Amino acid sequence: MIKLATLGRFTPFLAAIILVLFFSVMQDAFFTWANVWNIIRQSSVLLVASMGVTFVILIGSIDLSVGAIMTLSAVCAITLVPVIGEAGILVGLIVGGLCGAFNGLLNATLKLPSFLVTLGSLFIFQSIGLIISGGRPLPWTTPISSALAGGVVFGSFPKIGLWAIAVLLVCAFVARYTRFGQYMYAIGDNERTTRMSGISTTRLKIAVFVVAGIISGLAGILLGIRTFSASPGMGDPFLLDTIAAVVLGGTLLTGGVGGPLRTVFGVLTIVILANGMTLLQVDPFFQIGIRGAVVILAVLITTKRGRLDQIVK
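As a starting point, this report considers the structure included with it. The shown structure was predicted, so the numbers you read here are calculated from the model rather than taken from an experiment.

**Quick notes on the packing of helix H4 (residues 87-108) against helix H5 (residues 114-133)**
Relative orientation of the contacting elements H4 and H5 amounts to 145°, with a least axis distance of 9 Å. In terms of crossing hand, the pair formed by H4 and H5 is right-handed. Listed contacts from H5 to Cys 99, Phe 102, Asn 103, Leu 106 and Asn 107 of H4 are Ser 114, Val 117, Thr 118, Ser 121, Ile 124 and Phe 125. Of the residues belonging to the contact of H4 with H5, the class tally is six nonpolar, five polar and no charged.

Given below as structure tokens:
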């Protein structure tokens, strides 16, 4: 009999393949080039945002402020671009990093649970974004950034997809081939042992939140370019989707297992599921429930029963 832990290793791959086969049979319009490009376009921002969340979950923490950071970074960038030019985009990324530093400092130095810290900072960042934007959508009309991330290349491939691939490759390299990545896995696996081995877990956890904040900021800016606007609440839908993507990809909520490459399949599962159900004209209310059930099933299959008490440090 196949154990759940063994099955969990292949769940992300099997889920994506099964969904593709199912929707291809049920809807002719699903497996077409036009819809493939659409799926890439829909998954790109989610993939970028999920990379930062993957890093945070790898150390056994969680970030509920990802959507708020996306919104705040995009709002700051588009507000400053008319004043200082495209450098405003760099400021937006810095804002994302500062938000991550705020979360990391409270979590790592004051030993506050990341769940509560990022839940509180979510509202703080939302509030700042609303104040800056005045609660109104801001049009994104910067020509250079639109040229870099908007439109298509190679005939039909969305440019924003290239940014997602680039972020994925960098994050995968960092997680697998650098000390920073190795220490992330070590902290997620056993923070006490890692600290006793001489590694500054406090500094590394802060650094992880800073990196996650910068990546979230980039995701928000890419979303603004894609939708031609930076509006209050634009990042809110990404909060649960990023966490769901990471979990569906097989990165354990207890930390120490998983990584960016696994998250790709979690993102594809979410986007393909949503895309396919839309093509099949499934009631939107049912779609929400189905996606929730899929996430619960993924947690059941991938989480180690013996470490449930260690979730969200």
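Read on for the rest.
**What about the side chain of Ser 216?**
Within the fold, Ser 216 resides in helix H10 (residues 201-227). When its relative accessible area of 1% is taken as the criterion, Ser 216 is described as buried. Not counting chain neighbours up to four residues away, the residues in contact with Ser 216 comprise Val 66, Ile 69 and Met 70.

**Quick notes on the environment of Leu 297**
As for its placement among the helices and strands, Leu 297 is situated in helix H13 (residues 284-302). A relative accessible area of 48% places Leu 297 in the partly exposed class. C-alpha of Leu 297 to C-alpha of Leu 248: the two residues are 49 residues apart in sequence and 8.8 Å apart in space.

**Some details on the side chain of Ser 114**
Relative to the elements of secondary structure, Ser 114 occurs in helix H5. Here Ile 62 takes part through its backbone nitrogen, which lies 3.1 Å from a polar atom of the side chain of Ser 114.

**Overview of unusual backbone geometry**
The backbone of Lys 111 sits at a positive phi, close to 60°, despite the residue not being glycine. Among the secondary structure elements, Lys 111 is positioned in the loop between H4 and H5. Despite not being glycine, Gln 281 has its phi angle at roughly 60°, a positive value. Locating Gln 281 in the fold gives a position in the loop between helix H12 (260-279) and H13. Residue Gln 281 is classed as exposed on the basis of its relative accessible area, which comes to 73%.

**Here we look at the packing of aromatic side chains**
Considering all chains together, one arrives at six aromatic pairs under this definition. Arranged with centres 5.2 Å apart and planes meeting at 70°, the rings of Phe 22 and Phe 23 form a pair that is edge-to-face. Between the aromatic rings of Trp 37 and Phe 157, the centroid separation amounts to 5.8 Å while the plane-to-plane angle is 75°, which identifies the pairing as edge-to-face. Note that Trp 37 is positioned in helix H2 (residues 33-58) and Phe 157 in strand S3 (residues 157-158), a separation of 120 residues in sequence. Among the aromatic side chains, those forming a connected cluster through ring pairs are Phe 22, Phe 23 and Phe 30.

Cut-offs and rules
- Residues numbered from 1 in each chain as written.
- Predicted model: local features only at pLDDT ≥ 70, side-chain atom pairs only at ≥ 80, totals over all residues.
- Heavy atoms only, no water.
- Axes fitted to C-alpha atoms, helices over the stretch in contact; angles between N-to-C directions.
- Helix = DSSP H or I, 4+ residues; strand = E, 2+ residues; numbered from the N terminus.
- Left-handed = near helix turned anticlockwise from the far one by under 90°.
- Contact = heavy atoms within 4.5 Å.
- Nonpolar A, V, L, I, M, F, W, Y, C, P; charged D, E, K, R; others polar.
- Buried < 20%, exposed > 50% of the residue type's maximum accessible area, 1.4 Å probe, protein only.
- Polar contact = N/O pair within 3.5 Å; in protein donor to acceptor, adjacent residues only side chain to side chain.
- Phe/Tyr/Trp six-rings, centres within 6.5 Å; stacked < 30°, edge-to-face > 60°.

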